[in-house]
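Geometric and topological summary
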Amino acid sequence: MIIKNVRILGGEPVSIRIADGVIAEVAPGMDAPEAIDGGGAIALPGLVDLHTHLREPGREDAETVQTGTQSAARGGYTAVHAMANTSPVADTAGVVEQVWRLGREHGLCDVHPVGAVTVGLEGRQLAELGAMADSAARVRVFSDDGKCVDDAVLMRRALEYVKAFDGVVAQHAQEPRLTSGAQMNEGVVSGRLGLTGWPAVAEEAIIARDCLLAAHVGSRLHVCHVSTAGSVEIIRWAKSKGWNVTAEVTPHHLLLTDDLVEESPVGAYNPIYKVNPPLRTRADVEALRAALADGTIDIVATDHAPHPVEDKETEWSAAAMGMVGLETALSVVQEAMVETGLLDWAGVAQRMSALPARIGRLPGQGRPLEAGEPANIMLYDPSARTKVDPSAFASKSRNTPYEGMTLPGRVVATFLRGRPTVLEGKLV
Amino acid sequence: MKRHLISAGDLTKDDALLILDTAEELASVSERSIKKLPTLRGRTVVNLFFEDSTRTRISFEAAAKRLSADVINFSAKGSSVSKGESLKDTALTLEAMGADAVVIRHGASGAPHRLANWVHGSVVNAGDGTHEHPTQALLDAFSMRRRLGALEGRKITIVGDVLHSRVARSNVLLLGTLGADVTLVAPPTLLPVSVGTWPCEVSYDLDAVLPKSDVVMMLRVQKERMNAAYFPSEREYSRRYGLDRDRFAKMPDDAIVMHPGPMNRGMEIAAEVADSARSTIVEQVANGVTIRMAVLYLLLGGETT
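Cut-offs and rules
- Residues numbered from 1 in each chain as written.
- Chains lettered and ligands numbered in written order.
- Predicted model: local features only at pLDDT ≥ 70, side-chain atom pairs only at ≥ 80, totals over all residues.
- UniProt positions renumbered as here; feature names shortened; annotations may be inferred.
- Axes fitted to C-alpha atoms, helices over the stretch in contact; angles between N-to-C directions.
- Helix = DSSP H or I, 4+ residues; strand = E, 2+ residues; numbered from the N terminus.
- Parallel < 35°, antiparallel > 145°, perpendicular 65-115°, else oblique.
- Left-handed = near helix turned anticlockwise from the far one by under 90°.
- Contact = placed C-beta atoms within 7 Å.
- Nonpolar A, V, L, I, M, F, W, Y, C, P; charged D, E, K, R; others polar.
- Pairing = 2+ DSSP bridges.
- Domains from an automatic or database assignment.
- Buried ≥ 20, exposed ≤ 12 C-beta atoms within 10 Å, placed from the backbone.

An unreviewed UniProt entry annotates chain B as Aspartate carbamoyltransferase of Nonomuraea deserti. In the Catalytic activity (unreviewed entry) part of its UniProt record, chain B is described as follows: "carbamoyl phosphate + L-aspartate = N-carbamoyl-L-aspartate + phosphate + H(+)". One UniProt comment on chain B, placed under Pathway (unreviewed entry), says "Pyrimidine metabolism; UMP biosynthesis via de novo pathway; (S)-dihydroorotate from bicarbonate: step 2/3."

Chain A carries the name Dihydroorotase in an unreviewed UniProt entry, which gives Nonomuraea deserti as its organism. For chain A, the Pathway (unreviewed entry) comment in UniProt is given as "Pyrimidine metabolism; UMP biosynthesis via de novo pathway; (S)-dihydroorotate from bicarbonate: step 3/3."

This is the structure we're talking about:
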């Protein structure tokens, strides 16, 4: 199979020949009668998400492994990490193997389950991390995401324990006592709106503690969805010490601010903007962009969090937290990082494919588009302009904050080990 | 005026003065033996109360009835809401019944904003969570104006749990619009961290502010706040921020004392201060009906005087 007329990382047009799921040759001018014409699209390695909520098992009304991986493929992803906060919780080898098998059966995108750090996400007892690591699902990322491992001793033990199988603890940094009943970023807008504040310090204090713990026990820490300028400073400091700390930022924290809760085209107090951690201020957004550009924040992760309509069409405090993001992620990153001149396409590929694959220890993902590498490829037309229409999403849920916004770029095609999962923007 | 009254910040100075002047005209109705006007005959006002607040509900009910509107009281307790019906479905039900105005009291900040997306009638905010209570601010302004005249340049001190107070938020906005100078006084724990961006002054020292106040408005302080470490004890709160007899004596002779109720006598306000001739607390209740008549009249009557 040949994919012709594509520009790898935005370079000169070339053709890519694929055989047996592997890139056989990259060269200009190769053609064949049945060749797929990329039309000058940018070719990037298939995107890798370190933070996806697929909701199965338990909340199949919001998303399933099938619809979630369809959504991922539409967004240009060839691998996603499925978070553990399902029902039952992914805290045993049985549950992670079930999710992993569902991903394989649907075959649209590799699904790598994240294992819970503690039994039932309850923060009391370590889950059987070794059993999950040794299972068919080969779990390497562990997280209680949605909840913080706030007990310092448990966090220390988890960081130490996963060293035995080269695992990483991905922390949802949220000091629970400082965020009791919290509804949105604590600041000017929360004060006016009378919504209980989620202070930046509740994130920053945990990140600081965890960096020190990771350094003390010589382990790997990954910080989920960094949202504040202060967190960036702490992570920059930890990295300057040579500590093994990585961090992610979501597309929405790179673009949206807490002002939207007060004033937006969809009205005040619209829970479409309710997310955890909350949308922060313009200064935070600027700091996060700069940190992603200079490598302080390593990667973009979607925190794709599907919710059914009835969980968002409510008063603010009753609404679920989270936004879907797989199908808009690259467009938002283009808007926030590429159009602003902060990243080129090589930088995007590094942060949305190569580094997340490295943090998740996925040897067959995030590889350069060169001969001999797995043919995980996505084609992207950055010149397109698309008005976001949630009814066109492959995801089962529609809770996007970008509805009606015009965003740059369009995913043209996605190939998983040489097999197209998306062509001309549509699922195959 | 806008179609809804959700925030005191929605009112321009002209809007606010129109409501106060209309209330002044309507006040005479309350003094008649037959307290009824035919203005809103055939219009339906729904009182949609998700929190128990008998005082506010009967105030709105009396106001609507004096204008001859049909009143439907919808209490969340014992209704479909307690069986898990969503706010949206409740709104659609009211819409199907043809409500011309929905007066909503809800424990969640912003619930009236959400309701306004789902109903065609006017939405009147009768208190939403820790956000706003605009008709309370209007009746407070009305009560002040009746005692003191125009509010431009008047020094108004609001004391207590500003962080959790919808009354304080609405008063800061409305009194600012009307040209008064507002000072908030509270322990720092009971002020929003962003209070410095509000259009008012802030002090932690009640004794310093009292001698230059024309109005002192005491807010209810819930004793439960103590358990969340907002202050060490009831007695300490009362000593530092309560309006007792000694502090009352520091106020200028013509200054007035207000409280939106219900009061904790002996906590934020001493009984003899609450009952003094310079307290407007009982008038505030009567003025509540009048101001709510004016709001419903202007939102539903369409015609302005």
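All names here are of chain B. One can describe the packing of helix α2 (residues 54–66) onto helix α11 (residues 281–300) by two numbers: an axis separation of 8 Å at closest approach and a directional angle of 55°. It follows from the interaxial angle that α2 and α11 lie oblique. As α2 runs across α11, the sense of the crossing is right-handed. Counting all contacts with α2, which are made through S59, F60, A62, A63, A64 and R66, the residues of α11 involved are G288, V289, R292, M293 and L296. Residues belonging to the contact of α2 with α11 are distributed by class as follows: seven nonpolar, two polar and two charged.

With that settled, consider the sheet that holds strand β14 (residues 299–300) of chain A. All names here are of chain A. Spatial strand order, β8-β9-β12-β13-β14: five strands in an open sheet with parallel pairing. The sheet is open, and its two borders are formed by β8 (141–142) and β14, each paired with just one other strand. Its contacts with the sheet put helix α6 (residues 200–217) on β9 (168–171), β12 (221–223) and β13 (245–249), and the angle it makes with β12 is roughly 165°.

With that settled, consider the domain arrangement of chain B. All names here are of chain B. According to the domain assignment, chain B consists of domain 1 (8–133 + 285–300) and domain 2 (134–280). Mapped onto the side of domain 1 that touches domain 2, the elements with two or more residues apiece are α1 (13–30), β4 (122–128) and α11. Here the side of domain 1 that touches domain 2 is built from residues that sort into nine nonpolar, eight polar and five charged.

We now examine the UniProt feature "binding site: L-aspartate" (unreviewed entry) in chain B. Cross-referencing UniProt, the feature "binding site: L-aspartate" (unreviewed entry) maps to K83, R166 and R220 of chain B in the present numbering. Counting through the fold element by element, R166 of chain B comes out in helix α6 (residues 166–177). Judged by C-beta crowding, with 23 C-beta atoms within 10 Å, R166 of chain B ranks as buried. Aside from chain neighbours lying at most four places away, what touches R166 of chain B is G194 of chain A together with G127, D128, T130, H131, E132 and H133 of chain B. Look at R220 of chain B and you get partly exposed, because 18 C-beta atoms sit within 10 Å. In contact with R220 of chain B, other than residues within four places in its own chain, are G160, P262, M263, N264 and E268 of chain B.

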